[in-house]
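Topology and contacts: notes
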Amino acid sequence: MSKKFDREAEYILEDDRVLLRPLLENDLGNLLPYALNEPDTWKYSGINAKGEQGMRNYIATALNNKTAGKEYPFIVFDKRTDEYAGSTRFYDIQPDNSTLQLGYTWYGEKYRGSGLNKHCKFLLLQFAFETLGMMRVEFRADARNERSIAAMKSIGCTVEGILRSNMPLEAGGRRDSIVLSILKEEWENGIKENLRKRL
């Protein structure tokens, strides 16, 4: 049983490429260019962060859920470009079950396929399993989002199945969600080292 998660703590995760720190209300300016200029970023998302008001709502919702202890959102800073690149978070955090979900991940267009995501995922998975004591980390995506699914498989996730008509889409209709996961023993017995070699 994991009792180590502290919603009040200021968790900062970093390596030579990336720094993840808690998302703050005043990060609007850091993320606004993506909301204004790259609206397709949220094509498959149930949450729309397009436009200034969309990003304000996105940040406010994330911080409200953090206060409630349900989520822990990060902002992603790329040390190579010296710019903020996107956001990610832990959610559906269940300390009693030693599980959480890792998602709501998005990056600006120039960071996709740049290797940044692997650095972020390594730090987040290492933290979840080795500091928070989680036994299972779950991932979900729109079943049509081939780029996201390929990225999750590439870091070692196992596909568990499809949740049909799982959630509403901001643009209307509903989506099927693919569920993937990594277990602590899988992390320890190969996934960690395989991912580290690819950083």
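Please refer to the structure placed before this passage.
Only a predicted model underlies this, so the values are computations on that prediction, with no experimental measurement involved.

Regarding the overall build of the chain
Per the secondary structure count, the chain includes 5 helices and 8 strands. In the chain, the order of α-helices and β-strands from amino to carboxyl end is β-β-α-α-β-β-β-α-β-α-β-β-α. Its C-alpha atoms give the chain a radius of gyration of 16 Å, near enough to 16 Å, the size a compact globule of 199 residues would have. Here the chain holds 199 residues, and the buried ones make up 48% of them. Sequence separation of at least 24 residues holds for 60% of the intrachain contacts in the chain that already meet a minimum separation of 6. Carbon and sulfur atoms make up 45% of the accessible area of the chain, which totals about 9900 Å². Within the chain, one finds 30 positive and 29 negative side-chain charges whose respective centroids are separated by 3 Å.

Re the packing of aromatic side chains
If you walk through the whole model with that rule in mind, you get 13 aromatic pairs. Measuring from ring centre to ring centre gives 6.2 Å for Phe5 and Tyr72, while their planes differ by 85°; the resulting arrangement is edge-to-face. Taken together, the residues span a long stretch of sequence, with Phe5 in the segment before strand E1 (13-14) and Tyr72 in strand E3 (residues 71-78) at a distance of 67 residues. Aromatic rings pair up to connect Phe5, Tyr11, Tyr72, Phe74, Phe90 and Phe127 into one cluster. Over the face of the ring belonging to Tyr72 we find Lys66, whose NZ or CZ atom lies 4.5 Å from the ring centre. Between the NZ or CZ atom of Arg89 and the centre of the ring of Tyr104, over which it lies, the distance is 4.1 Å.

Re the pattern of salt bridges
Under the defined criterion, the tally for this structure stands at 14 salt bridges. Note that Lys192 is salt-bridged to Glu130, the shortest N-O span being 2.9 Å. Of this pair, Lys192 sits in helix H5 (residues 184-197) while Glu130 sits in helix H3 (residues 116-131); the two residues are 62 residues apart in sequence, bridging distant segments of the chain. Using a relative accessible area of 41% as the deciding quantity, one classes Glu130 as partly exposed. Glu138 is the partner of Arg140 in a salt bridge, and the nearest nitrogen-oxygen pair spans 2.6 Å. Note on Arg140: relative accessible area 30%, which makes it partly exposed. Shared partners join several salt bridges into a network, and the residues in it are Arg136, Glu138, Arg140 and Glu160.

Some details on the nonpolar core
Grouped together as the largest cluster of nonpolar side chains are 55 residues, with contacts concentrated most on Leu20, Met55, Phe90, Leu125 and Phe139. At 9 residues, the largest contribution of residues to this core is made by H3.

Criteria and cut-off values
- Residues numbered from 1 in each chain as written.
- Predicted model: local features only at pLDDT ≥ 70, side-chain atom pairs only at ≥ 80, totals over all residues.
- Heavy atoms only, no water.
- Helix = DSSP H or I, 4+ residues; strand = E, 2+ residues; numbered from the N terminus.
- Rg over C-alpha atoms; globule rule 2.2 N^0.38 Å.
- Buried < 20%, exposed > 50% of the residue type's maximum accessible area, 1.4 Å probe, protein only.
- Contact = heavy atoms within 4.5 Å.
- Areas by Shrake-Rupley, 256 points an atom, 1.4 Å probe, with all protein chains shown as cover.
- Lys, Arg positive; Asp, Glu negative; His and termini not counted.
- Charge placed at Lys NZ, Arg CZ, Asp CG, Glu CD.
- Phe/Tyr/Trp six-rings, centres within 6.5 Å; stacked < 30°, edge-to-face > 60°.
- Lys NZ or Arg CZ within 6 Å of the ring centre and 35° of its normal.
- Salt bridge = Lys/Arg side-chain N within 4 Å of Asp/Glu carboxyl O.
- Core = buried A, V, L, I, M, F, W, Y, C linked by side-chain atoms within 4.5 Å.

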